[in-house]
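Structural features, examined
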Amino acid sequence: MATPIRLDRLGFLDQELKNLEEQGFVWRPRILEGEQRARARFDGREVVNLSSNNYLGLTNHPKLREAAKRAIDRYGAGAGAVRPIAGTMTLHKELEAKLARFKGVEATLVFQSGFAANLGTIQALVGKGDAIYSEELNHGSIIDGCRLSGAEILKWPHRNVEALRQLCQESRHKYRRALLVTDAVFSMDGDIAPLKELADIADEFELIFMVDDAHASGVLGRAGRGSVDHFGLHGRVDVQMGTLSKALGAMGGYIAGSKHLIEFLIQKARPWLLSTAHPPAVVAAAMAAVEILDSPEGEELVQRLWENARYFKHELNRLGFNTGASETPITPVIVGSSHTARQLAKRLFEEGVFAQEIVFPMVARDKARVRTIVTAMHTKEDLDFALSAFQKVGKELGLV
Ligand SMILES: Cc1ncc(COP(=O)(O)O)c(C=O)c1O
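What counts, and at which threshold
Residues numbered from 1 in each chain as written. Predicted model: local features only at pLDDT ≥ 70, side-chain atom pairs only at ≥ 80, totals over all residues. Heavy atoms only, no water. Helix = DSSP H or I, 4+ residues; strand = E, 2+ residues; numbered from the N terminus. Rg over C-alpha atoms; globule rule 2.2 N^0.38 Å. Buried < 20%, exposed > 50% of the residue type's maximum accessible area, 1.4 Å probe, protein only. Contact = heavy atoms within 4.5 Å. Areas by Shrake-Rupley, 256 points an atom, 1.4 Å probe, with all protein chains shown as cover. Lys, Arg positive; Asp, Glu negative; His and termini not counted. Charge placed at Lys NZ, Arg CZ, Asp CG, Glu CD. Domains from an automatic or database assignment. Buried area = accessible area lost by both parts, 1.4 Å probe. Salt bridge = Lys/Arg side-chain N within 4 Å of Asp/Glu carboxyl O. Polar contact = N/O pair within 3.5 Å; in protein donor to acceptor, adjacent residues only side chain to side chain.

**Some thoughts on the overall build of the protein chain**
Counting its secondary structure elements, the protein chain contains 15 helices and 13 strands. Taken over C-alpha atoms, the radius of gyration comes to 22 Å for the protein chain, in line with the 21 Å a tight globule of 400 residues would show. A principal-axis box enclosing the C-alpha atoms of the protein chain has dimensions of 70 × 60 × 55 Å. Counting every position in the protein chain, which comprises 400 residues, the buried fraction comes to 53%. Look at the contacts in the protein chain between residues 6 or more apart in sequence, and 70% of them connect residues 24 or more apart. For the protein chain, the computed accessible surface area is about 18,600 Å², with 52% contributed by carbon and sulfur atoms. Counting 50 positive and 50 negative side-chain charges, the protein chain places the centres of these two groups 2 Å from one another.

**What about the domain arrangement of the protein chain?**
For the protein chain, the assigned domains are domain 1 (30–55 + 296–396) and domain 2 (61–293). The distance between the C-alpha centroids of domain 1 and domain 2 comes to 27 Å. The interface is formed by 24 residues belonging to domain 1 together with 22 residues belonging to domain 2. Here domain 1 meets domain 2 over a buried area of about 1,800 Å², counting both sides, of which 55% is carbon and sulfur. Remark: the boundary between domain 1 and domain 2 carries four salt bridges. Note that Glu 297 and Lys 63 form a salt bridge whose closest N and O atoms lie 4.0 Å from each other. Inspection of the region where domain 1 meets domain 2 yields 13 residue pairs in polar contact (both at pLDDT 80 or more). Of all elements in the fold, only α13 (296–319), β10 (330–336) and β13 (368–373) reach the threshold of two or more residues within the side of domain 1 that touches domain 2. Residue contributions to the side of domain 1 that touches domain 2 peak at seven residues, all from α13.

**Comments concerning the environment of Glu 33**
Structurally, Glu 33 is set in the loop between α1 (12–23) and β1 (39–42). Sequence spacing of Glu 33 and Ser 141 is 108 residues, and the spatial spacing of their C-alpha atoms is 28 Å. Beyond its immediate chain neighbours, meaning those up to four positions away, Glu 33 contacts Arg 41, Phe 42, Asp 43 and Gly 44. Within the local environment of Glu 33, its side chain forms a polar contact with the backbone nitrogen of Gly 44, the two atoms lying 3.0 Å apart.

Encoded structure:
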């Protein structure tokens, strides 16, 4: 048998990886051994987990587990087709109807992920000859959707409504359609977009208004209905994107809005059209999550989440840490250099606390941080344990 010739056309990747390593940009994800809980085991160590998006603890809720198991028994393990061909099951339609009622909109469409929802929707709504007014700190899935659309991308500075207004005054007349898109809760800073003022600008300049509720779904608004509910903006936001992956404990994203928006996305949103539908277990778990939110238990969970978030943020500030402009359960501890952020995260882990460092290029070079996310499931004991580790390591590193 002839010896195969080794053709390594990917040899350049070794150098690329080395470059990334030298710049400190290499991800080496910690391994979660067991369930995503407030106290969890990562890399062989039991830690207070301040790194998940499991805001309400729903990933392990008995009702989600049971719903997923029942769905597998009844419908099998996979959907077996893309949604437009043979993959739309009664379960998908039930989830979409339930979400529409929960959000108070005409219709919703469920995507395989929040990322896919942003990508597919932005790309479908605008194109060449149109404009997208995009917040400078928008999530990568929005940025990629904007790029794929072929529309002109006009960025405005973080939460600066006046700068946006000026940009619209200068440029809006040049374009056919225009989309205004923003995260509701910013994932690195935990601050909230000024949606009321943005809705006014959308009215003034005729902009399609889209809001990404990835970190607002299950967190903001009555029983976690999202940012539109939080600000009382029902009917003023054309496109609401939400996730089923974070506070809702399952997987997926959705778009909520008018019937014609959803009908149009069914025709045009490429990730929805061209990628296999959610498996039944995931759909059933997401449906159970919406049912929990829409019950007294949901309200209690959201309330507990906010009590924990307020307590933790207040105590971090009292200890002398800089938590920036955070207003939500996402609380960054801003330390400056990437090196210090890495040191802080490493020492915290050794002390039994997992808080991820977030460094350049994810944030500005001088704004490196560790990011903390508390959940409804953390006990006061967990939070106090984490706070004393922050105090100890913060002193050691001269941060407080
Ligand atoms: C602001 C924002 N939008 C969209 C997404 C993507 O959501 P998903 O994880 O459901 O794909 C994320 C997740 O990291 C996010 O933080």
